[in-house]
Structure formats: C-alpha cells, structure tokens
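Survey of secondary and tertiary structure
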Amino acid sequence: TSQRFLQDGVELGWWEDPLGEKTILLPDTSRREAVTRHGGFVFNRDTRELEIPDGQTIKLMPTEATIFDHLIIHASRLVPKSTLHTIFTIRGMMAKEADINIRICISSLRRKIKEAPVSKKTGHGRVQWHYISTVTRSGYIFNPDGVVA
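Sequence order as written defines residue numbering, which begins from 1 separately in each chain. For this predicted model, a pLDDT threshold of at least 70 governs which residues receive local features, and a threshold of 80 or more governs which side-chain atom pairs are given and counted, while totals over whole chains, interfaces and linings are taken from all residues. The basis for every side-chain value is the complete set of heavy atoms in the structure, and neither hydrogens nor water enter the calculation.

**Topic: the overall build of the protein**
Helices and strands together make up the secondary structure of the protein, namely 3 helices and 12 strands. Relative to its 149 residues, the protein shows a buried fraction of 42%. Whether two residues are in contact is decided by their heavy atoms, any of which lying within 4.5 Å being enough. Contacts in the protein between residues far apart in sequence, at least 24 positions, make up 40% of those at least 6 positions apart. The protein chains shown are the only cover counted for residues, whose accessible areas, like all others here, come from Shrake-Rupley with a 1.4 Å probe. Accessible area of the protein: about 8,200 Å², with a carbon and sulfur share of 52%. For helices the rule is a DSSP run of H or I covering at least 4 residues; for strands it is a run of E covering at least 2, with both sets numbered from the N terminus onward. The buried label goes to any residue with under 20% of its type's maximum accessible area, the exposed label to any with over 50%, and the partly exposed label to all in between, with areas taken from a 1.4 Å probe on protein chains only.

**Thoughts on the sheet that holds strand S5 (residues 41–44)**
Spatial ordering of the open sheet is given by S4-S5-S6-S7, a layout of 4 strands whose pairing is antiparallel. The open sheet is flanked by strand S4 (35–38) and strand S7 (57–59), the only strands paired with a single partner. Each strand axis lies, on average, 15° off the axis of its neighbour in the sheet, ignoring direction. If DSSP finds at least two bridges between two strands, the strands pair. Bridge count for S4 against S5 is 4 bridges, and the pairing is antiparallel. Bridge assignment links His38 to a residue of S5, and that residue is Phe41. In this fold helix H1 (residues 62–73) packs onto S4, S5 and strand S6 (49–51), with an angle of close to 130° to the strand it touches most, S5. For helices, the fitted axis covers only the stretch in contact; all axes are lines through C-alpha atoms, and the angles between them, taken along N-to-C directions, range from 0 to 180 degrees.

**Side note on the packing of aromatic side chains**
Pairing of aromatic side chains here covers Phe, Tyr and the six-membered ring of Trp, requires ring centres within 6.5 Å, and sorts the geometry by plane angle: under 30 degrees stacked, over 60 edge-to-face, intermediate tilted. On inspection of all chains with the given rule, the structure shows 5 aromatic pairs. When the centroid spacing of 6.3 Å and the interplanar angle of 45° are considered together, the rings of Phe41 and Phe68 count as tilted. On the criterion of sequence distance, the pair formed by Phe41 in strand S5 and Phe68 in helix H1 is long-range, its members being 27 residues apart. Plain terms: the ring middles of Phe41 and Tyr131 are 4.9 Å apart, the flat faces sit at 85° to each other, and that makes the pair edge-to-face.

**Thoughts on the nonpolar core**
Only buried residues count toward a nonpolar core, which is a set of Ala, Val, Leu, Ile, Met, Phe, Trp, Tyr and Cys residues joined through side-chain atoms within 4.5 Å. Phe41, Leu50, Ile67, Phe68, Leu71, Ile132 and Phe142 are the most contacted members of the largest nonpolar core, which totals 26 residues. Of all the elements in the fold, those that place two or more residues in this core are S5, H1, helix H2 (81–89), helix H3 (95–112) and strand S12 (139–142). Setting aside residues no more than four positions away along its own chain, Phe68 makes contact with Phe41, Phe43, Leu50, Leu60, Leu109 and Phe142.

So, in structure tokens, the structure goes:
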C-alpha cells in the first residue's frame, strides 16, 4: 500500500514494509532517477552512497540517507523541521526524540561531508555552515555550492 501527499510544500510518499509492521515515510522518489547531482555532490539513493566534492565516496546510514535525500532534492531551499520530524514520528518517536535524532543525523552528515562552520549566526537566526545551514526553529538549507564567507 502506498500514497503520496504534500507536507510543507515537500512531496512525500509512504508504504508499508514487507512485513506490514510499520509504515516508512520517504520523499516521493518514484518519478526521479536514483542519482541526484548538485554542485560537487553525487548522491545515489538506492545504494545510499554520497560522493563529496573532494571525490571521496561515503556510505550513509538509512536515516542519514533519507534526510540527505530531502536536503539534496530541495537544494538551496529550506527543508522545514516539521518535514524531517515526520520521518521519525511515523516510526513512533515522540517530538522530543525526533528533535534529538534530527540533530544527531545532521551532525553526522556534517562530519561525514567534512563540514566546517563559516560563522556562528547571521542576523536571520541562521547558523552558517559551508554546506548545511541551520535556520533556527525552522529547518535546514543544503547549499551544494557552499556558502561564501
């Protein structure tokens, strides 16, 4: 069983796993190629492999891959926290647990893509990182070309 819907302007899809035990929420990928390229990043959602600008290929954990898929398909645009929350709450987590897990996944992604902060905060509540910026209480923006300091 599957279904598509929009949440915060992001098209999502869900299906029941083969055992019918839980429903998994992912971006609607049925009409996209498996490989997405932006800037120096090449992401293969089928293998969960991400090639970063220095040419290194890294394997992402399933939840990291799901979050990164949201970020890369909406590159340079805000991915609302509420959209990322849905990934975790559909799996039975409470809102506070979802917040913690989102932060852990974003931190892990930043470490894996060798992120370094550009500045602590801008005037708009945004913590600037080279590739994945945090917009306070709103969400995250992935800039595949990097932030100009």
